[in-house]
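# Examination of the molecular architecture
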Amino acid sequence: MSYRAPTEECLFVMLHAGGVAEGRAAGIYPDFDDALAASLLDEAGRFAETVLAPLNRVGDQLGARFEQGNVHTPRGWREAYGHWRDGGWNGLCAPAEFGGMALPHVLHAACLDMWNAANMGFMLAPILTFGAIDAISQHGTAELKNIWLARLVAGEWAATMALTEPQAGSDLSTIRCRAEKNADDTYAITGQKIFISYGEHDLTDNIVHLVLARLPGAPEGTRGISLFLVPKFLVGPDGKLGARNQVHCVGIEHKLGLHASPTCTMAFGTDQGGATGWLIGEENRGLACMFTMMNAARLAVGLQGVGIGGRAYQQALAFAAERRQGRAGGSGAPLAAPILRHPDVRRMLLTMKSLTQVSRVLCYMTAAAIDRAQRLTDPSARAGAAARAALLTPVAKAFATDAAIETASLGIQIHGGMGYVEETGAAQHLRDARIASIYEGTNGIQAIDLVTRKLAADSGAAMADELARMRAVIAEARAELDDFASASDTLDAAVGALERAGQALVGMLAGSPDLALAGASPFLRLFALACGGAGLAALALGGVGPDRRRRIELAAFFADNIACQADGLAHTVIRGGASVLAPDFALA
């Protein structure tokens, strides 16, 4: 089936649960007019439906090709990228001084939601460029900004994130790529990087690689890593492309999904002298600079999960309304009813919808917190918003991508045997979604980050604020929504379970950190269920008439079927670690 962009739903979530109302009250959204936002989303949705979505299956079937050092994207990709560039979509959030629109991150998040649903493989290239723009804007010298940013913002050039090496995946402390300073203050980069998305392609004339490398004599571990800008082509004083740099793709991976997105092995400094690069930030402080790009990418990957989940739900719902099997409604009911009427199919569909909506709420909340951190003028308020963004980012990334895998799998189940064959396209959603829980920091690493760095930061202030927000929304829903008292009790219990589990983890970190690590992933899911349940209640509060009833029903389903797992997750967090760390007999 063709993709339908949920533009009205995206706007509704932004307004009623995504933090826009709070931002307006704080005066940070003078550029967020409802009519303008709706118009922009309509245009972004049309681009998703008419340009990106028709190429999704083409890209999956044809894939990227590697021939004699060059990567060729699938048929129609270059034309689509030309429409993307000419439409100015690459610069929505970019700095105005370099040609961007500097629009709110939460509005950009809604666009990414739809674009990823339409064609996740295509969108990987712009997503990486967005992150590079952020990193160069925040940490680059004035000279680097003047040379590179305008072309990146315009989409004339693309960018990559070159971190991973064969021996250095999640653990970047073991990076071996080397950098030697040249007499002209450039650096010679030598080494190999693997798993580089869009490391080579034919969409743009130049590709700007942000490369982590180690200088001679640098401290061991992550404290000795520097970040460098290494372009495919050097650029002359007139801004025109010059000589080819010593950066080459030596192969692409054959993958479970995302066939159209080339995943490249890149060689830097294949000839004598090394590839020419420029330092971003300070020597030996490159990881801090790269985290600017990585955090942006983590939210973007969470939005990949939202998009894939939404696409899989749309397709499964349409199939369930048309496919007729069996009797539904008792012995007197007619045979060959639409499977949508079967209780178990309804359960699966509501699970898909509620998981996707919770993922959307979490990602939009995170984007709005980033807006507040960048746009508020009071330093204390900015710091508080930045702490909230830091707290929510690993939750949004991990939960949304886990939910996308679960949702895409349920979509196949609803299709039955037709979901297992490639003809319907349901299988592609699961194959494409599967990588999202792995790249940009595995979801286990996101959970560890949440528990060891974010949970107790500033004596737990951000966590306490988040718990208070959840409780306030749930209390309002209990008071204002008809027939929501039971669901409110369940959601309130989930928040209580989250608080208990968090307190237990803080104690474990002080005495038995491995126990805390064993409970990190279930704690992240518990956080998402409590926060997401409150978010669904907020959406119900924002609805009117039949729309309110529909949203109450979805929030109640989530409370009674998914958020009710909170006590079990808290039990796992508090008591499950001992069995995880028991002697290895169970693993034999």
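Let me sum up the structure you'll find in this document. (Residues numbered from 1 in each chain as written. Predicted model: local features only at pLDDT ≥ 70, side-chain atom pairs only at ≥ 80, totals over all residues. Heavy atoms only, no water.)

### Quick word on the pattern of salt bridges
Taken as a whole and judged by the stated rule, the model has 26 salt bridges. Taking the shortest distance from any N to any O, the salt bridge between R525 and E406 comes out at 3.8 Å. Separated by 119 residues along the polypeptide, R525 in helix α16 (residues 520-542) and E406 in helix α9 (residues 379-415) bring together distant segments of the chain. Given the relative accessible area of 31%, E406 is considered partly exposed. Close ionic contact of R453 with D449 constitutes a salt bridge, the shortest N to O distance being 3.6 Å. With R453 and D449 both in helix α12 (residues 443-454), this residue pair falls four residues apart, about one helical turn. (Salt bridge = Lys/Arg side-chain N within 4 Å of Asp/Glu carboxyl O. Helix = DSSP H or I, 4+ residues; strand = E, 2+ residues; numbered from the N terminus. Buried < 20%, exposed > 50% of the residue type's maximum accessible area, 1.4 Å probe, protein only.)

### Regarding the environment of S521
Its place among the elements puts S521 in helix α16. Ignoring anything within four residues of it in the chain, the contact list for S521 reads G444 and A447. (Contact = heavy atoms within 4.5 Å.)

### Topic: the side chain of D432
Tracing the chain through its elements places D432 in helix α11 (residues 426-433). Buried within the structure, D432 lacks any salt-bridge partner; R431 is the closest side chain of opposite charge, at an N-O distance of 4.7 Å. In terms of polar contacts, D432 uses its side chain to reach the backbone amide nitrogen of L258, at 2.7 Å. Every residue in contact with D432, bar those within four places of it in the chain, is listed here: N56, D60, M120, G257 and L258. (Lys, Arg positive; Asp, Glu negative; His and termini not counted. Polar contact = N/O pair within 3.5 Å; in protein donor to acceptor, adjacent residues only side chain to side chain.)

### Quick word on the packing of helix α4 (residues 77-86) against helix α5 (residues 105-139)
The geometry of α4 relative to α5 is characterised by a closest axis approach of 12 Å and an angle of 70° between their N-to-C directions. Put simply, α4 runs roughly perpendicular to α5. The way α4 lies across α5 gives a crossing that is right-handed. Contacts between α4 and α5 pair W77, A80, Y81 and W84 from the former with W115, N119, G121, F122, M123, P126 and F130 from the latter. For the contact of α4 with α5, the per-class residue count stands at nine nonpolar, two polar and no charged. (Axes fitted to C-alpha atoms, helices over the stretch in contact; angles between N-to-C directions. Parallel < 35°, antiparallel > 145°, perpendicular 65-115°, else oblique. Left-handed = near helix turned anticlockwise from the far one by under 90°. Nonpolar A, V, L, I, M, F, W, Y, C, P; charged D, E, K, R; others polar.)

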